[in-house]
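Structural features, examined
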Amino acid sequence: QVQVVESGGGLVQAGGSLRLSCVASGSIVSVVAMGWYRQAPGNQRDLVATITSGGNTNYAASVKGQFTISRDNAANTVYLQMNSLKPEDTAVYYCNAAVVVTGTYRPNDYWGQGTQVTVSS
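Residues numbered from 1 in each chain as written. Predicted model: local features only at pLDDT ≥ 70, side-chain atom pairs only at ≥ 80, totals over all residues. Heavy atoms only, no water.

Observations concerning the overall build of the chain
Test applied: Helix numbers and strand numbers start at the N terminus; a helix is a DSSP run of H or I with at least 4 residues, a strand a run of E with at least 2. The cut-offs for exposure are 20% and 50% of the maximum accessible area for each residue type, with area from a 1.4 Å probe on protein chains only; residues under the lower value are buried, those over the upper are exposed, and the others partly exposed. Whether two residues are in contact is decided by their heavy atoms, any of which lying within 4.5 Å being enough. A 1.4 Å probe and the Shrake-Rupley method give the accessible areas. Residues count as covered only by the protein chains that appear here.
Counting its regular elements, the chain contains zero helices and 11 strands. Ordered by position from N to C terminus, the α and β elements of the chain give β-β-β-β-β-β-β-β-β-β-β. Counting only C-alpha atoms and orienting by the principal axes, one finds that the chain spans roughly 50 × 25 × 20 Å. Burial analysis of the chain (121 residues in total) assigns 41% to the buried set. Considering only intrachain contacts with a sequence separation of at least 6, the fraction spanning at least 24 residues in the chain is 56%. For the chain, the accessible area works out to roughly 6,300 Å², and carbon and sulfur atoms hold 46% of it.

Considering the nonpolar core
Stated precisely, the cut-off is as follows: By convention a nonpolar core is built from buried Ala, Val, Leu, Ile, Met, Phe, Trp, Tyr and Cys residues, the set being connected through side-chain atoms within 4.5 Å.
Grouped together as the largest cluster of nonpolar side chains are 32 residues, with contacts concentrated most on Trp36, Leu80, Met82 and Tyr93. Taken together, the elements giving at least two residues each to this core come down to β1 (2–7), β3 (18–26), β4 (28–39), β5 (46–52), β7 (67–72), β8 (77–82), β9 (91–101) and β11 (115–120). Of all the elements, β9 adds the most residues to this core, at six residues. When near neighbours in sequence (up to four residues on either side) are disregarded, tyrosine 93 contacts Glu6, Leu20, Trp36, Tyr37, Arg38, Val48, Phe67, Leu80, Met82, Gly114, Thr115 and Val117.

Remarks on the state of the cysteines
Rules: Disulfides are defined in this document as cysteine sulfur pairs within 2.5 Å.
Going through the model one piece at a time under the given rule, you end up with one disulfide. Between the sulfur of cysteine 22 and that of cysteine 95 lies a disulfide, 2.0 Å long from S to S. Sign of the S-S torsion, about -85 degrees for the bond between cysteine 22 and cysteine 95, identifies this disulfide as left-handed. Of the two residues, cysteine 22 sits in strand β3 while cysteine 95 sits in strand β9, which places them 73 residues apart along the sequence. Like cysteine 95, cysteine 22 is buried.

Notes on the side chain of aspartate 89
Tracing the backbone shows aspartate 89 in the loop between β8 and β9. Among all residues touching aspartate 89, those that are not within four sequence positions of it are Arg38, Gln66, Phe67, Ser84, Val117 and Val119.

Here's the deal with the sheet that holds β8
Here is the rule: Two strands qualify as a pair provided DSSP detects at least 2 bridges between them. Where helices are involved, their axes are fitted lines through C-alpha atoms of the stretch in contact, as for all axes, and angles between N-to-C directions lie from 0 to 180°.
Spatially, β1-β3-β8-β7 is the arrangement adopted by the four strands of the open sheet, whose pairing is antiparallel. The open sheet has two edge strands, β1 and β7, and neither has a second partner. Ignoring strand direction, the axes of neighbouring strands in this sheet form an average angle of 15 degrees. Judged from the six bridges that link them, β3 and β8 form a sheet pairing that is antiparallel. Note that in β8 the partner of serine 21 across the bridge is tyrosine 79.

A look at unusual backbone geometry
Peptide bonds are, in most cases, trans, and in most cases residues other than glycine have a negative phi. With phi around 50 degrees, asparagine 76 is a residue other than glycine that occupies positive phi space. Tracing the backbone shows asparagine 76 in the loop between β7 and β8.

The structure is reproduced here in structure tokens:
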């Protein structure tokens, strides 16, 4: 019913920047919130940043001032601008969308397949 697709990952040197994008599509009535999570090898999946349809944002302490989340509500798209990247930012980055689908009234979570971000030292 809902597809979530990330793009924009890749290999970058420390200190560089990347911009991730994520689009939600399908039988969507509304997208309540969207966000980014990341998972490094051997670690759990952790919150990076979230943004509501009203523009309220929440960041992990480790990325505040370094990453910026933004959203295009009309396009059901969320972005993550990542600056001053460090090797410890290396992870698979997953997009999450809390979506109300056609015929329902409560949001459900949908996940993308993930995009690899690798920061070399």
